[in-house]
Amino acid sequence: MTLTAISFGRIAAILPVQDMEIAQRFYIDGLGFTKTFQNGDPVGFIILKRDESELHLSLQPGHKAAPFPIAHLLVDDANAMFALCKQHGAKIIKGVQDKEYGLRAFVFADLHGNRIDVGQRLQV
């Protein structure tokens, strides 16, 4: 079998969170994701979806956030997403900027410090 014969499916980011309730409020109530699966009692793992995006939340009480983005999210309106993140308590790491590589982009940290790079494709 050759490498080109392998078909890849979806890949989803797994975000470690210290408190599942706080994470759910941010991603579900704040950003509009829907919970499609949960596991454990108490809940230690959740799958969230919104449109084509999927996030997995994993309860990790001792989690220390990485000092770099761990996921990239494409949206159709970076300015609206920026406002939504600020409204729901996300820390803005880098403000909205048009980049030379064709994206309007910003970086936020969720309530557990997980950094997510957000981009909107610019019209060429």
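Here, every reference points to the structure presented above.
Residues numbered from 1 in each chain as written. Predicted model: local features only at pLDDT ≥ 70, side-chain atom pairs only at ≥ 80, totals over all residues. Heavy atoms only, no water.

Even after reading the chapter, I still don't get a nonpolar patch on the surface, so can you show me in this structure?
Among the surface-exposed residues, L3, I6 and F8 lie close enough to one another that they form a single nonpolar patch of about 390 Å² accessible area. Tracing the chain through its elements places I6 in the segment before β1 (13-17). (Patch = residues over 30% accessible without salt bridge, like charges linked within 9 Å, V, L, I, M, F, W, Y side chains within 5 Å. Areas by Shrake-Rupley, 256 points an atom, 1.4 Å probe, with all protein chains shown as cover. Salt bridge = Lys/Arg side-chain N within 4 Å of Asp/Glu carboxyl O. Helix = DSSP H or I, 4+ residues; strand = E, 2+ residues; numbered from the N terminus.)

Help me out: how do you make sense of the pairing of strand β2 (residues 34-39) in this one?
Walk down a regular strand and you will see the side chains alternate between the two sheet faces. Relative to strand β3 (residues 45-50), β2 runs antiparallel, the two being bridged by five bridges. Counterpart to F37 in the pairing with β3 is I47. (Pairing = 2+ DSSP bridges.)

What am I meant to see in the pattern of salt bridges here?
A side chain of one charge can pair with a side chain of the opposite charge when the charged atoms of the two come close. Tallied over the entire structure, the rule returns four salt bridges. Residue R10 pairs with E54 through a salt bridge whose shortest N-O separation is 3.4 Å. One end of the pair, R10, is in the segment before β1; the other, E54, is in strand β4 (residues 53-59), with 44 residues separating them in the sequence. Judged by relative accessible area, which is 59%, R10 ranks as exposed. The partner of E54 in a salt bridge is K49, and the shortest N-O contact between them spans 3.5 Å. E54 sits in the buried class, given a relative accessible area of 14%. (Buried < 20%, exposed > 50% of the residue type's maximum accessible area, 1.4 Å probe, protein only.)

Is there a simple way to think about unusual backbone geometry in this case?
The general pattern is negative phi for most residues beyond glycine and trans for most peptide bonds. The amide bond that connects D41 to the next residue, P42, takes the cis arrangement and shows omega of 10°. You will see that D51, though not glycine, has its phi angle at about 55°, which is positive. Along the chain, D51 turns up in the loop between β3 and β4.

Is there a simple way to explain the nonpolar core in this structure?
One recurring pattern in soluble globular proteins is that nonpolar side chains are buried together. Membership of the largest hydrophobic core comes to 23 residues, with the highest contact counts inside it found for Y27, L31, L57, M81, F108 and I116. Contributions of two or more residues to this core are made by β1, α1 (20-30), β3, β4, β5 (69-74), α2 (78-87), β7 (103-109) and β8 (115-121). Leave out the neighbours within four places in its chain, and F108 touches F26, L31, M81, C85, A90, K91, I92, I93, N114, R115, I116 and V118. (Core = buried A, V, L, I, M, F, W, Y, C linked by side-chain atoms within 4.5 Å. Contact = heavy atoms within 4.5 Å.)

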